Amino acid sequence: MSSMGIGAWLSRFIEHNLERAFVLLQMCIALIGGFSAFMLFYAFAYIGNYEAFLYLITILLGSMLGIEIPLIIRIMQKSFSLKTNISNVFTVDYIGALFAALLFPLVLVPQLGLMQTSFLFGGLNLMVGSMAWFIFKNTLGKKHLIPLVLIAVVLVAGFVQSNSLTSLIENKLYKNNIIYSKQTPYQKLIVTANNGRTQFYINGAIQFDSIDEHRYHESLVHPVMHMAMRHENVLIIGGGDGMALREVLKYADVAHITLVDLDPAITTLFKTHPALSKLNQHAYENDKITVVNMDAWKFIEKLNTLYDVIIIDLPAPNNISLSRLYSQTFYRLLATHLSRSGAMVTQATSPMFSRDAFWCIEETMSESGLITLPYHTYIPSFGEWGFVLASKLKLPLREIEETKAFKYIDNQAMKRMQIFDKDISKTEVKSNRLSSHKLIYYYDSGWEKWYE
């Protein structure tokens, strides 16, 4: 908005050849806007000072967009009164802004991805410039036709080759070869692999590495299974990769598992992809499992079932959409569907890298009326990682049978997990409420301290 203000101020210095200035302006917006996603992706992958390019492109595009409306008003003043002129321009501008604001996140990015969407919007600006040239061609002449055609060719080529351009840049960002890449309506999914080792990323953040994911998923699942008195009915929130499913299915007394994951692309991928379904031991093929692809909050609100075990395997709470699923209100909702002798667990970020965020999650569960037991373990891909157990009654952690086929967890590990060193011990924090979302602040400030 500030840049648009700068552009509006700059427009006063364009005194002659307004039609020509408008056409040239649309050409510039088409080129810079069309290639903006490519330039920013490239800067992020190859250049250290990515933020400088982000601000530069934002200021350039904002300033040029700010010039548009004053120019249009001055061009149209020959045909309409000032009152009608301003009314017409702003009506079209606001309707267009609303249309683009809805179309961009809900349709274009999920279907085309950021790169193709960028080229598409650049093409729309070029179309506006072409229409303006056609209207004023008698004044402007044909000399502007060649650059319009050249820019159109470049934008079309970029649009057609955008997948190749994206893959080229993504391969620079990720250490191993990308074997799967998809922009869904909810997030960007990337799977990489090399020498039998597989990594899964959501929006650039690693979700698991096959070389050590057993430490995470065994630590997430088995403590809660050894605290709950029964395992007949199990609910998993998140965990679309099926790894938590794999661990739960190791218990013979499990009768039914409901897995709720927002994104059907993830559950479908880990059900059908040969290499990925092998990692979860083809868990989705088990008749005990029901998959529900919907928002977890909406699912819980409509629920009328009690569960013996609830496992929350969600991404880190780095935005409001995720933070609400770590809130006091959500935990209270979950507690109403937890059996009296049941237990629940959530991943809770790192008590080392985001200490206050970890203890905020524990405090939030405690203030929601549950009895909590925090614990942590070391996972090479993540570092020190935390979890919080919770139950309505004070339930003991039963010992693990030595016959269980676990790669990592045993009774000694479970005892060790409950010990917190001084620098990761409990801190004074506020619980996470829908009205404040303190967790996001704790999470961001914690990670920034280590990786700023």
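Scroll up for the structure.
Now for a quick tour of the structure.

Calculation criteria
- Residues numbered from 1 in each chain as written.
- Predicted model: local features only at pLDDT ≥ 70, side-chain atom pairs only at ≥ 80, totals over all residues.
- Heavy atoms only, no water.
- Buried < 20%, exposed > 50% of the residue type's maximum accessible area, 1.4 Å probe, protein only.
- Helix = DSSP H or I, 4+ residues; strand = E, 2+ residues; numbered from the N terminus.
- Pairing = 2+ DSSP bridges.
- Right-handed = clockwise from strand over helix to strand, strands pointing away.
- Axes fitted to C-alpha atoms, helices over the stretch in contact; angles between N-to-C directions.
- Parallel < 35°, antiparallel > 145°, perpendicular 65-115°, else oblique.
- Left-handed = near helix turned anticlockwise from the far one by under 90°.
- Contact = heavy atoms within 4.5 Å.
- Polar contact = N/O pair within 3.5 Å; in protein donor to acceptor, adjacent residues only side chain to side chain.
- Salt bridge = Lys/Arg side-chain N within 4 Å of Asp/Glu carboxyl O.
- 1 Å grid on protein atoms, 1.4 Å probe; cavity = no way out; pocket = protein on both sides within 12 Å on 5 of 7 lines; lining within 4 Å.
- Points joined across faces, edges and corners; volume = space filled by probe spheres on them.
- Nonpolar A, V, L, I, M, F, W, Y, C, P; charged D, E, K, R; others polar.

### Focus on the pairing of strand 6 (residues 256-260)
The element strand 6 is extensively covered by neighbouring structure, given that four of its five residues are classed as buried. Both strand 5 (residues 233-238) and strand 6 contribute to a ladder of five bridges, which runs parallel. Looking across to strand 6, one finds that I236 is bridged to L259. Following the chain from strand 5 across helix 10 (residues 243-248) to the adjacent parallel strand 6, one finds a crossover that is right-handed. Sheet topology places strand 6 next to strand 7 (residues 289-292); four bridges connect them, and they run parallel. The residue of strand 7 that forms the bridge with I257 is I289.

### Re the packing of helix 2 (residues 18-34) against helix 4 (residues 50-76)
For any two helices packed against each other, the geometry comes down to the angle between their axes and how far apart the axes lie. One way to put it is that helix 2 packs onto helix 4 with a least axis distance of 10 Å and a crossing angle of 155°. As far as their axial angle goes, helix 4 and helix 2 are roughly antiparallel. When you trace helix 2 past helix 4, the crossing you get is left-handed. Residues L18, E19, A21, F22, L25, Q26, C28, I29, I32 and G33 of helix 2 form the contact with helix 4, whose own contacting residues are L60, L61, M64, L65, I67, E68, L71, I72, R74 and I75.

### Topic: the side chain of T364
Considering the arrangement of structural elements, one finds T364 in helix 16 (residues 355-367). Overall, T364 belongs to the buried group, its relative accessible area being 0%. Within the local environment of T364, its side chain forms a polar contact with the backbone nitrogen of N432, the two atoms lying 2.7 Å apart. When residues no more than four places from it in sequence are discounted, the contact partners of T364 are Y326, S327, Q328, Y331, S431 and N432.

### A look at the pattern of salt bridges
Inspection of every chain in the model, using the stated rule, returns nine salt bridges. The residue R246 makes a salt bridge to E213 at a minimum N-O spacing of 2.8 Å. Linking R246 in helix 10 with E213 in helix 9 (residues 213-225), this pair joins segments that are 33 residues apart in sequence. On the basis of relative accessibility, which here comes to 6%, the residue E213 falls in the buried class.

### Topic: empty space enclosed by the protein
Under the definition given, this model contains two cavities of 30 Å³ or more. Roughly 40 Å³ of internal volume is contained in the largest cavity. What lines the largest cavity is P223, L373, Y375, L389, L397, M414, M417 and Q418. Of all the secondary-structure elements, those providing two or more residues to the lining of the largest cavity are strand 10 (371-379) and helix 17 (411-417). Here the second largest cavity is characterised by a volume of approximately 30 Å³. What lines the second largest cavity is simply Q207, F208, D209, D212, E213, Y216, H217, I379 and F382. For the lining of the second largest cavity, the secondary-structure elements that each account for two or more residues are strand 4 (205-209) and helix 9.

### Description of the sheet that holds strand 2 (residues 188-194)
Read from one edge to the other, the open sheet built from four strands follows the order 1-2-3-4, with strand pairing classed as antiparallel. Looking at which strands have only one partner, the edges of the open sheet turn out to be strand 1 (177-183) and strand 4. Averaged over neighbouring strand pairs, the angle between their axes works out to 20° when direction is ignored. As judged from the four bridges shared by strand 3 (residues 197-202) and strand 4, these two strands associate in the antiparallel manner. Directly across from F200, in strand 4, lies its bridge partner F208.

### Thoughts on the environment of I400
Tracing the chain through its elements places I400 in the loop between strand 11 (383-391) and helix 17. Along the primary structure I400 and M414 are separated by 14 residues, whereas in three dimensions their C-alpha atoms are 9.0 Å apart.

### Some words on the layout of surface pockets
Roughly 1,000 Å³ of volume is contained in the second largest pocket. Surrounding the second largest pocket, 41 residues form its lining, Q207, L314, P315, A316 and L322 being those nearest its centre. Mapped by element, the contributors of at least two residues to the lining of the second largest pocket are strand 3, strand 4, helix 9, strand 5, helix 14 (320-323) and helix 18 (438-451). Of the residues that constitute the lining of the second largest pocket, the class distribution is 23 nonpolar, 12 polar and six charged.

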